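Observations on the three-dimensional arrangement
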Amino acid sequence: MPRLLSSALSLVIILNGAAAARQNAPDVERRVEDLLKQLTIEEKIELLAGVDDFFVRPVPRLKLPRLKMADGPNGVRNFGPATAMPSGVAMAATWNPQRVESIGAEIGRDARAKGVHFLLGPGVNIYRAPMNGRNFEYMGEDPFLAARAAVAYVRGVQAQGVTATIKHFAANNSEFDRHNTDSVVDERTLREIYFPAFEAAVREARVGAIMSSYNFLNGEHASQNRHLMTEVAKQDWGFDGVMMSDWGGTYDGVAAVNAGQDLEMPGPRHTNAKNLLPAIEQGKVSVATIDDHVRRILRTAVRFGWYDREQTDLSIPRYNQQGRRVALEAAREAIVLLKNEGGVLPLDRKRVKSVAVVGPNAYPAVPMGGGSGRVEPFAAVSLLEGLSNALAQTANVYHHRGLPTLSELADATSFRTAAEGGEAGIRAEYFDNADLTGTPVITRTERRVNFRRQGGASFPEKTAGDRFTGFFTPKTAGEHDLFVESSGEDGGRFRLFVDDKLVLDNWTTHPAMVNQATLNLDARPHKIVLEHRGRSYWLGGRLALGITGRGGLIDPQARELAARSDAVVIAVGFDHETESEGADRTFRLPPGQDELIKEMLAANKNAVVVITSGGGVGMGEWVERAPAVVQAWYPGQEGGTALAEILLGDVNPSGRLPVTFERRLEDNPANYYPQPGTKRIVYGEGVFVGYRGYEKAGTRPLFPFGHGLSYTTFKYDNLAVKPARGGTFEVTFDVKNTGSRVGGDVAQVYVTPASAPVPRPAKELKGFSKVFLRPGETKRVTVTLDARAFSYYDVNSKSWRAEPGDYGVLVGRSSEQIELRGKATLSP
Ligand code: BGC
């Protein structure tokens, strides 16, 4: 396999922030000062807020161009199609900074082809629990891994003359009610878990922009949090670029400007002359403060060359073939083989002459989750197409969705307006307010509850909330699945009552875009009341209610195809309408999918489950019976090709989990939801996030952090840990491919602490190296551990400290599979 290039990566030297800032060529600063002098105070204020959704206002008099922005982080979302890369969590799953840098470079090229100056990525909010609707965009649960991936991404983008914008700063780790929740996180936890990816992007890659988050952090909006923006990012780390708000994430112009925000996006709602001029006159905002903000915008523009050249690079093809190749290579390295028993995988072309590809995620392709991270590619390869293309000469590939869509399920759910008699349908009351108060403006009978902006009915105009009341009679008594599907954000609020009992509550918060419950219903009419508020058209304006009896969902033809074929591939998971920005998701797979998997496993023992998701999903109902399980993440536009290559063994899987997959949701260590009756999300687990938390509790996850199988085997040997220059340690060891296939492995270096005055995780990832080896080949790997690798953040001295003593140095293939043990001694 020539495409599997050999590479061994080691840690990079950490530049400190002050040094990064000093790299400013003096002539950059001279030009900035020269421009600044020529601006009036009104012009300066105009520069501190965007315009037209994605632009910074131009100053034609000084030839300052209109600066253009685009999402981020999985490709260049705005202004037409672009390469859809494997999403952030998949980038992290490659454990290959070189690969991530090449992704960044192609995203940067796509940005140049569109004339974009600010690329709104990477996203690095730490994965605390699988429910966060934006986990798919972010880079996993570990700050060290996320930092390596973020630095690589930023370097790749910025080398193209485009600034990266690392987001969302900080502790925006859930989507429900994201403008109002208050993340309560202690300082040590922020420094050790939630900040490092941002810090590394500033110090090592000199990222040009940071986007603050929507949430409050410790009682203060992130966008007006002086500690966060000024003390930590600008003063401690030496950040000299642009601190911008998230879209609509500025809540008070004066407070934001004084706290360190340089740019309000998308427009001057708060940061405008009306608010700032009087504040300046009254001495509430100083001109020096305004100047510092303006300087940062000018500095970024000068530094990236935006004054001196046209940003649109017409020499870059819009349909980027080089980008496609990188998307494919990255997907090959990102996909994780979670389980493979009985040699099901790779599928043997000689034996497998027919394959049934079943499930909602088989076709069309599911390259990306939803929201602002959803890049629309020119073309995307589905798993069905990928596998059919790869097997065209040797096997027949059959396809069945197996399950109805959520829309079809909602359409098939019939109601009557009364328990006895009445008419077919459900009584709808539409209100002009989101609290459903007063007299409804429209009352009518709807056939069903299934609203979606594209196709299907839309909500009546000038209404803001709805109540649906009807009766549902099961065909036969027994277990029923009920679901409500909604768009995220403010259109996602609903509550469902069955026989006057609250069954699903998405009313004050918004736990899931598609929320589900299972109830035992007898065969009589049951009163159903669904209340819903808000619209959220930008996320699709959806509302659907479905009720289905267990046992009748799976199409018999899918079962027959699975039974007749030599193998069945079951493609399940989420998509952009069920896992998205603006809402969270359930741990449980979307409605009907567990049932589909179980039926397919019963029909054919040669079965592979392929999961599309941004993180862990509930597998408890079937994982013991599934011989092979593959984690696809959102694999980008070439995902179907890469999946097929992995299923067939043309590519040996080398992706590793950047998050821990729990067996049961209760096992997850995070305090994910707000304290009852409050908006406060208390990060009570502190630094014990992900594997740090599982290890503390002694809980075995389903698949540990760092886990991923290969079709070959590796052996680790000859560990040496030696003190090196500048207080660092060099960790060297051999990795040998002891199997019969070319393959890549990720050697992971964890450090265990010496005794310390604060509770420290049993071990923490501090280095890694992805190594590709031919059969029989051995490579000596070197990983450098710097002072930070041994340190914790000491809140009293406000500095990083490592106590003298013996630190364990563990080399392993996951957080649980440790192969070699050594030690590093720090002397007093
Ligand atoms: C998201 C940001 C995004 C911005 C612009 C916001 O809703 O939170 O991540 O960059 O929109 O699309």
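Please read these numbers as outputs of a predicted model, since none were measured by experiment.

Looking now at the nonpolar core. Core analysis: the largest hydrophobic core is formed by 125 residues, its most contacted members being F169, I570, M619, W622 and W633. Sorting elements by how many residues they give to this core places helix α6 (residues 143-158) first, with 11 residues. With near-sequence residues (within four places) excluded, W622 lies in contact with L589, D594, I597, K598, L601, V609, I611 and V629. L36, M69, W247 and F304 belong to the second-largest nonpolar core, a separate cluster that totals 40 residues.

Let's shift gears to the pattern of salt bridges. By the definition in use, this model includes 69 salt bridges. With its nearest N and O atoms 2.9 Å apart, the salt bridge here joins E581 to R178. Remark: R178 occurs in the loop between β5 (163-169) and β6 (182-184) and E581 occurs in the loop between β24 (567-573) and α17 (593-603); sequence separation between them is 403 residues. Among the salt bridges present, the one from R588 reaches D481, with a minimum N-O distance of 3.1 Å. Placement of R588 in the loop between β24 and α17 and of D481 in strand β18 (residues 478-486) is noted, with a sequence separation of 107 residues between them. On the accessibility criterion, D481 (5% relative accessible area) is buried.

Another point: the site of the ligand. In the vicinity of the ligand, 14 residues are found, and the nearest of them are D71, R134, H168, D246 and E581. Contact between the ligand and H168: an oxygen atom at 2.7 Å from a side-chain N or O atom of the residue. The contact in question runs from an oxygen atom of the ligand to an N or O atom on the side chain of E581, over 2.6 Å. Starting from 310 Å² of accessible surface for the ligand in isolation, the protein chains cover 95%. In the shell around the ligand, the residues fall into five nonpolar, two polar and seven charged.

This next bit is on the confidence of the model for the chain. Of the residues in the chain, 97% reach a pLDDT of 70 or more, and the chain-wide mean stands at 95. In this model, residues 1-23 is a region of pLDDT below 50 whose contacts with residues beyond four sequence positions or in other chains number 55 contacts.

Moving on: the environment of G219. With respect to the secondary-structure elements, G219 resides in the loop between β8 (216-217) and β9 (220-221). Residues G219 and V184 lie 35 residues apart in sequence; the distance between their C-alpha atoms is 7.4 Å.

A few words now on the environment of V32. Mapping V32 onto the fold places it in helix α2 (residues 26-38). Sequence-distant contacts of V32, defined by excluding residues within four places in its chain, comprise R295, L298, R299 and V302.

Under the definition given, this model contains 28 aromatic pairs. Note on F54 and W247: the rings are 5.3 Å apart at their centroids and 35° apart in plane angle, and the pair reads as tilted. Within this pair, whereas F54 is found in the loop between β1 (50-51) and β2 (55-56), its partner W247 is found in the loop between β10 (242-244) and α10 (253-259), the two being separated by 193 residues in sequence. Looking at F54, the relative accessible area reads 13%, which means it is buried. On the numbers, 5.8 Å between centres and 50° between planes, the contact of F451 with F468 is tilted. Of this pair, F451 sits in strand β16 (residues 450-451) while F468 is found in strand β17 (residues 465-472), placing the two residues 17 residues apart along the sequence. Like F451, the residue F468 is buried in the burial classification.

Our focus in this paragraph is unusual backbone geometry. The amide bond that connects D71 to the next residue, G72, takes the cis arrangement and shows omega of 10°. Here Y363 and P364 are connected by a cis peptide whose omega angle stands at -10°. Among the secondary structure elements, P364 is positioned in the loop between β12 (354-358) and α14 (383-391). Even without being glycine, S536 reaches a positive phi, approximately 50°.

Each α-helix turn comprises 3.6 residues. Residues three or four places apart therefore point the same way. Listed as buried for helix α9 (residues 226-236) are L228, M229, T230, V232, A233 and K234. Capping of α9 at its N-terminal end is provided by N225; its side-chain oxygen lies 3.3 Å from the backbone amide nitrogen of H227. Positioned one or two residues after α9, G238 has a phi angle of 80°, which is positive.

With that out of the way, let us pick up the pairing of strand β35 (residues 805-812). Of all eight residues making up β35, six are buried, and the element is well covered by its neighbours. Taken together, the eight bridges between β35 and strand β36 (residues 818-826) define a ladder with antiparallel strand orientation. Across the sheet, the residue bridging to G805 is L826, located in β36. Hairpin connection of β35 to β36: five residues between the antiparallel strands.

This paragraph deals with the packing of helix α16 (residues 556-564) against α17. Running from N to C, α16 and α17 point in directions that differ by 35°, and their axes come no closer than 8 Å. In this structure, α16 meets α17 at a crossing whose hand is right-handed. The segment α16 lies against α17, with A558, R559, A562 and A563 engaging E599, M600 and A603. A class-by-class count of the residues in the contact of α16 with α17 yields five nonpolar, no polar and two charged.

Along any regular strand, the residues point their side chains to alternate faces of the sheet. Pairing geometry for strand β14 (residues 426-431) and strand β15 (residues 442-446), over five bridges, is antiparallel. Its bridge partner being in β15, A428 is matched across the sheet by R444. Pairing between β14 and β17: five bridges, direction antiparallel. Paired with Y430 across the two strands is D466, which belongs to β17.

Let us now look at the environment of G677. On the secondary structure map, G677 appears in the loop between α18 (639-647) and β27 (680-682). With 335 residues separating them in the primary sequence, G677 and G342 have C-alpha atoms 50 Å apart.

What follows deals with the sheet that holds strand β28 (residues 714-723). The antiparallel open sheet is built from three strands, whose spatial order is β28-β29-β32. If you trace the sheet from one side to the other, it starts and ends with β28 and β32 (778-785), each paired once. Strand-to-strand twist in this sheet, taken as the mean axis angle between neighbours without regard to direction, amounts to 20°. In the sheet, β28 pairs with strand β29 (residues 729-737) via eight bridges, with the strands oriented antiparallel. Bridge pairing in β29 places K722 opposite E730.

Attention now moves to the side chain of S613. Within the secondary structure, S613 is located in the loop between β25 (607-612) and β26 (628-631). Of the polar contacts made by the side chain of S613, one reaches the backbone oxygen of G615; its length is 2.5 Å. A polar contact of 3.1 Å, which involves the side chain of S613, links it to the side chain of Q631. Excluding residues within four positions of it along the chain, S613 makes contact with F574, E579, R585, Q631, W633 and Y634.

Next up on the list: the sheet that holds β1. Strand order in the open sheet made by the seven strands is β1-β2-β3-β4-β5-β7-β10, with mixed pairing throughout. With partners counted over all chains shown, the strands left at the sheet margins are β1 and β10, one partner each. Relative to β10, strand β7 (residues 209-212) runs parallel, the two being bridged by three bridges. The partner of I210 across the bridge, within β10, is M243. Along the sheet face, α6 touches β4 (118-120) and β5 and points at about 145° away from the line of β5.

Taking 1.5 Å of rise per residue, the 17 residues of helix α5 (residues 97-113) would be expected to cover 24 Å, and the 24 Å separating its terminal C-alpha atoms lies within 8% of that figure. Burial analysis of α5 places 15 of its 17 residues in the buried class, which makes it a mostly covered element. Residue N96 occupies the N-cap position of α5, its side-chain oxygen lying 3.1 Å from the main-chain nitrogen of Q98. Just past α5, the residue G115 takes up positive phi, approximately 70°.

Rules used in this analysis
Residues numbered from 1 in each chain as written. Predicted model: local features only at pLDDT ≥ 70, side-chain atom pairs only at ≥ 80, totals over all residues. Heavy atoms only, no water. Core = buried A, V, L, I, M, F, W, Y, C linked by side-chain atoms within 4.5 Å. Buried < 20%, exposed > 50% of the residue type's maximum accessible area, 1.4 Å probe, protein only. Helix = DSSP H or I, 4+ residues; strand = E, 2+ residues; numbered from the N terminus. Contact = heavy atoms within 4.5 Å. Salt bridge = Lys/Arg side-chain N within 4 Å of Asp/Glu carboxyl O. Near = heavy atom within 4 Å. Polar contact = N/O pair within 3.5 Å; in protein donor to acceptor, adjacent residues only side chain to side chain. Areas by Shrake-Rupley, 256 points an atom, 1.4 Å probe, with all protein chains shown as cover. Nonpolar A, V, L, I, M, F, W, Y, C, P; charged D, E, K, R; others polar. pLDDT = per-residue confidence, 0-100. Phe/Tyr/Trp six-rings, centres within 6.5 Å; stacked < 30°, edge-to-face > 60°. Pairing = 2+ DSSP bridges. Axes fitted to C-alpha atoms, helices over the stretch in contact; angles between N-to-C directions. Left-handed = near helix turned anticlockwise from the far one by under 90°. Expected span 1.5 Å × (residues − 1).

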